[in-house]
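One letter stands for each residue in the lines below.
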Amino acid sequence: MVVVVAAAVAVAALKRLAPQRPWGVLLAALLVGLLVQFTPLNQSASRALQDAQLRHLAPSTAATDAVVFDIDDASLAALKPHFGAWPFKRDVYALAIDLLRDLGARAIAIDLLLADSQPGDAALAQALARQGAAVVLAAAGLGHAADDAAALGAGSVSAASLPASSPTSPPTSPPTSPAPAPAYRWPTIALPAASVWPANAPLRLGVITSPLDDDGVLRRLPLWHEVGGRHWPLLSLAVADAAAPSAPLPPPLLDAQGRLHLAFPARQAWPPVRAFSELALAALGQQDSTALRAAVQGRAVFIGSSALLADAVMTVNGQASGTVALAQTYSALQSGTWVRPPAAWASAALLLLGLLPAGATVWRGRPAPRQDLALAALALLLGAGLSLAWLSSLRMAMPWAAPLAAMAAGLAASLFIHQRQQQTAQRALAHALAVAAEAGKAKSQFLANVSHEIRTPLNALLGVAELLASSPLSAQQQRHVQVFRDAGQALHSLINDLLDLSKIEAGHFELDLAAFSLHQLLERMAALMQPRAQEKGLSLKLELAAGLPDGVRGDRKRLEQGLLNLLGNAIKFTTQGGVRLHAWPDDSEPGTLCFEVADTGIGIASSKLDAIFEPFAQADGSVTRHYGGTGLGLAITRNVVQRMGGSVQVRSNPGVGSVFTLRLPLPSGELPAAEPSHQAVAAALAQQPLSVLLAEDNEVNVYIFSAMVQAQPIRLDLAANGLLALDMLRRRRYDLAFIDIQMPGLDGLGVTRELRQLEARSGRLRTPVVALTANAFASDVQDSHDAGCDHHLPKPVSQAQLLGALAQFALVDPLAQVDAAGCGDGSSHTAAAAAPVLDKAAAVQRMGGDAALYRRIAEHAAVFIESWAGSFDAACAEPNPDRAWRLAHDLKGIAGTLGAPALAQAAAALEASLHPGTAALAPDTAALVQVHEAIVPVLVALSQGASQAAP
């Protein structure tokens, strides 16, 4: 997006400044670079690359100067018999403080907001006043209720859930800096209840709330917070000051807003985290504290609670506990492992590198796109080297948006001037725009071609794999073939999904209702997604209710598409725990089934639940950066489910997980019979070989088909194009014909229509026709049946499907079969002899006996006549009818030259009906039908090489 904006601004600047002068390139690049550098664009657009740098800088080993005691769910359950339900009485923390001091803790931080009075406050106040390790309590900066500012720490809550006023400010220890500025300003602050303040000792406080970046990720924390003119340190800073009051830490490098930049580590490098129950039970004397001494002595101790949902915070290395984040910040302050903010001089150096291509254009005096691209690559390499050096030596993560934007703007401006100087490029651009305008009209045809072109080689891949699987192979070879087949089937499914998506977007959604096994579908999906879950260390469970029917009627592909989308999302957004797919019948609505996909992932905020179902939308912009994806999955799922008459609902809890529920009407249905086995088909085929025609122009597909039926008692004839196939079907009757749809000369549907018309005219037996094609849409199946096909087999085709078609359509009553020698239509041969399609002799005579000239004309005529129907239909759709009239006129002339009187007569009638020069186009329907009927026999005659046999 930044590159696009930069290019647009650069071009606009050039148009206003001096598009004919090279210095305008440098000026445009500089303007764009400065615009990005000094706006929030620089930070947001650089975020992904800076996050990668932060992950590189993050510690790889756990800190040793801090330890966290977590009041987790297990601790709450273990301590409930001793202290009752949450919240605990405050004397629990008093006991913990006393024990920690005895164990040699260096400082203690309680990351819990004790804002209201509770039993045991007096005991806690007395513990705070006693000598020993200093204790820091939590304070929370509060914004307006509408701000919904994200908070850090278990005790950090939004302003809406805290008292409107704060207690009178207690006496506190002096700040670690005499002028703690700049600071983050809060409208008000929540302090510990006055009942926990020590009587004669200062109260150490630290703020636990901190604003997050606009993508909800914690990367930097203000060290100081201001409320009403008074400054409050961050909890981590307050603990560092308490741990070493006589030797304050050197001030870290902060950015202009007073924020400390940090590189939070992954889970394996977190500070040690122990259960609070271990500390509390030891304080009660019910557990030995020896092991605790080694963990606590000389370290700062942070007490917090991950049992509260508000404790979770997102970092560049994933979600972490707020208490853990504060402890890590303390460790970074102690060790100096914070991240240095980007220095102005470093940003300026990168920006200058970004201006290098534009500067070269000015120096050269003219744009040269190739040279500018080479300089841009060099500048990128130099910038990357400098960034790596600064990253390793200075721990400084650099933003790259401004130099990249300047570089992109300079390149775009240089290219703009270059294009202005090239008139040929302008004409090419105009042509490209015209082609783009027509792209929408050709989308349906494009999808059909894509489907055909991909499925054709895929048919060969899967066919060869199936043939290999049925041949003698070693165990290792069988495994290789199985991987081959599985990968091909996965690619086949992916192609289907992509084409289905395009159909949905175009509004051509179609349901394919049929009976299928629901249990088999769900088990197959679970097995398919299991490896992906295992890679992330997640469990994937499939739960089928006892009353769930197996045989149901519905659109199996659409149901599978929706559930796979939900399962894929659940696994993607879950880092620990698992995913569960549960299916059960809805007792309140007979025939309705429910499918629930539940996960333990990051969850979705309630304010974002509606947006996740919108196309190209996700719950948060950071989702795309962290997890990837286009935001289309849920939109497609809802669209599919609603069109199937169902609904989809979601409920979610941030940090806990999400549950998606599909409700679909899937009435019971009788399961389809299994495809016949090879042995059953072989036994069912007649003892006498069956005659089968295969019309296929692809040699690889011919090989696959022949190999799959090689062991069957059939006699196979081949036709390389539709015209030859039609001629062979006219000359004899076949027991079964497999015809490809897209063939040269005449497509498979045209062959089938001509065959059915011949059978109707002559009364001959019907030849079963199976459309063997790469066109797989539901509309393609309907087109096949409308043309007269008995069955439609989309590629890739399995051997079982071919044998099943043989068993279903070729096994006719032997008494009804006609001998191959006598199955032709004698009357048609007589008619053909009486009225030949091509009078070649007369045509050659008109050419002065030049047979070679006739052959050349016939070759040209075959190409013209073959594409005439499509060209004429396109011309009829144009506003100007003259082109259609010219096509009819040319067809008449070519047919007359060839010696095809029937076609010439029909074309003349069509030409007369077009009335050239009129505003409206209204071709005579009867004349057009006659032309189509006359074209086919002419093409057949030409394809048989009749012209080469002319005298």
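Look up: the structure comes first, before these words.
Residues numbered from 1 in each chain as written. Predicted model: local features only at pLDDT ≥ 70, side-chain atom pairs only at ≥ 80, totals over all residues. Heavy atoms only, no water.

*Asks:* How do you make sense of the packing of aromatic side chains when you look at a structure like this?
*Replies:* Describing an aromatic ring pair means giving the distance of the ring centres and the angle of the ring planes. Applying the stated criterion across every chain yields a total of eight aromatic pairs. Measuring from centroid to centroid gives 4.8 Å for Trp868 and Phe872, while their planes differ by 15 degrees, and the two rings are stacked. Here Phe872 and Trp868 lie together in helix α32 (residues 868-876), a separation of four residues that amounts to about one turn. Chaining the aromatic ring pairs together yields one cluster made of Phe83, Trp86 and Phe88. Directly above the ring of Trp232 sits Arg230, whose terminal nitrogen or CZ lies 4.8 Å from the centroid. (Phe/Tyr/Trp six-rings, centres within 6.5 Å; stacked < 30°, edge-to-face > 60°. Helix = DSSP H or I, 4+ residues; strand = E, 2+ residues; numbered from the N terminus. Lys NZ or Arg CZ within 6 Å of the ring centre and 35° of its normal.)

*Asks:* Any chance you could explain the nonpolar core here in plain terms?
*Replies:* Ranked by size, the top nonpolar core spans 57 residues in total, and within it Ile865, Trp868, Leu891, Leu898 and Leu903 carry the most contacts. It is helix α35 (residues 925-943) that provides the largest number of residues to this core, a total of 11 residues. If we skip the residues at most four places from it in the chain, Leu903 touches Ile865, Leu891, Ala895, Val931, Ala934, Ile935 and Val938. Core analysis: the second largest hydrophobic core is formed by 43 residues, Ala96, Trp197, Phe276 and Ile303 among them. (Core = buried A, V, L, I, M, F, W, Y, C linked by side-chain atoms within 4.5 Å. Buried < 20%, exposed > 50% of the residue type's maximum accessible area, 1.4 Å probe, protein only. Contact = heavy atoms within 4.5 Å.)

*Asks:* What exactly am I supposed to notice about the pattern of salt bridges here?
*Replies:* Pairing of side chains with opposite charge becomes possible as their charged atoms draw close. In this structure the tally under the stated criterion is 28 salt bridges. The salt bridge involving Arg219 is made with Asp51; its shortest N-O contact spans 2.7 Å. Linking Arg219 in the loop between β6 (204-207) and β7 (220-222) with Asp51 in helix α4 (residues 47-57), this pair joins segments that are 168 residues apart in sequence. For Asp717, the salt bridge is made with Arg732, and the minimal N-O distance between the two is 3.9 Å. Here Asp717 is found in strand β23 (residues 714-719), whereas its partner Arg732 is found in the loop between α25 (722-731) and β24 (736-739), with 15 residues between them in sequence. Through salt bridges with shared partners, a single ionic network connects Arg47, Asp51, Asp213, Asp214, Asp215, Arg219 and Arg220. (Salt bridge = Lys/Arg side-chain N within 4 Å of Asp/Glu carboxyl O.)

*Asks:* Whenever I open this one, the pairing of strand β20 (residues 647-653) confuses me. Can you help?
*Replies:* Across a regular strand the side chains alternate sides, sitting on one face of the sheet and then on the other. Across seven bridges, the pairing between β20 and strand β21 (residues 657-665) is antiparallel. Bridge assignment links Arg651 to a residue of β21, and that residue is Val659. Counted between consecutive antiparallel strands, the loop separating β20 from β21 contains three residues, among which Gly655 sits at a positive phi close to 85 degrees. (Pairing = 2+ DSSP bridges.)

*Asks:* For this particular structure, what's the right way to read the sheet that holds strand β8 (residues 224-227)?
*Replies:* Hydrogen bonds between backbone atoms are what pair the strands of a sheet, whose relative direction is either parallel or antiparallel. Reading across the sheet, the three strands line up as β4-β8-β9 and stay open at both edges, with mixed pairing between neighbours. Each having just a single partner strand, β4 (184-185) and β9 (230-233) make up the two edges of the open sheet. Two elements, β4 and β8, share two bridges in a ladder whose sense is parallel. Counterpart to Tyr184 in the pairing with β8 is His225.

*Asks:* Teacher, can you tell me more about the sheet that holds β20 here?
*Replies:* Taken in spatial order, the five strands line up as β16-β18-β19-β21-β20 in an open sheet, and their pairing is mixed. Two strands close off the open sheet at either side, each with one partner strand: β16 (539-544) and β20. Here the average twist between neighbouring strands, direction ignored, is 10 degrees. Sitting on the sheet, helix α19 (residues 518-535) is in contact with β16, β18 (578-585) and β19 (592-599), with an inclination near 170 degrees to β16. (Axes fitted to C-alpha atoms, helices over the stretch in contact; angles between N-to-C directions.)

*Asks:* I would appreciate a short explanation of helix α5 (residues 73-83) in the present structure.
*Replies:* Because each turn of an α-helix spans 3.6 residues, side chains separated by three or four positions end up pointing in the same direction. Inspection of α5 places Ser75, Leu79 and Phe83 among the buried residues, and these make up the whole buried set. One side of α5 holds all its buried residues, which, seen down the axis, span an arc of 40 degrees. Residues Asp73, Ala74, Ala77, Lys80 and Pro81 are exposed on α5 and point more than 90 degrees away from its buried face. Those residues of α5 that are buried are in contact with β1 (66-70), α6 (91-102), β11 (273-275) and α9 (276-283). Two residues or fewer after α5 comes Gly84, characterised by a positive phi angle close to 85 degrees. (Arc of directions from axis to C-beta.)

*Asks:* Please clarify how empty space enclosed by the protein should be interpreted in this entry.
*Replies:* Think of a ball as big as a water molecule: rolled over the atoms, this probe shows where empty space is left. With the rule as written, the count across this model stands at four cavities of 30 Å³ or more. Counted as a void, the largest cavity has a volume near 130 Å³. Across the lining of the largest cavity, the residue classes break down as five nonpolar, three polar and four charged. (1 Å grid on protein atoms, 1.4 Å probe; cavity = no way out; pocket = protein on both sides within 12 Å on 5 of 7 lines; lining within 4 Å. Points joined across faces, edges and corners; volume = space filled by probe spheres on them. Nonpolar A, V, L, I, M, F, W, Y, C, P; charged D, E, K, R; others polar.)

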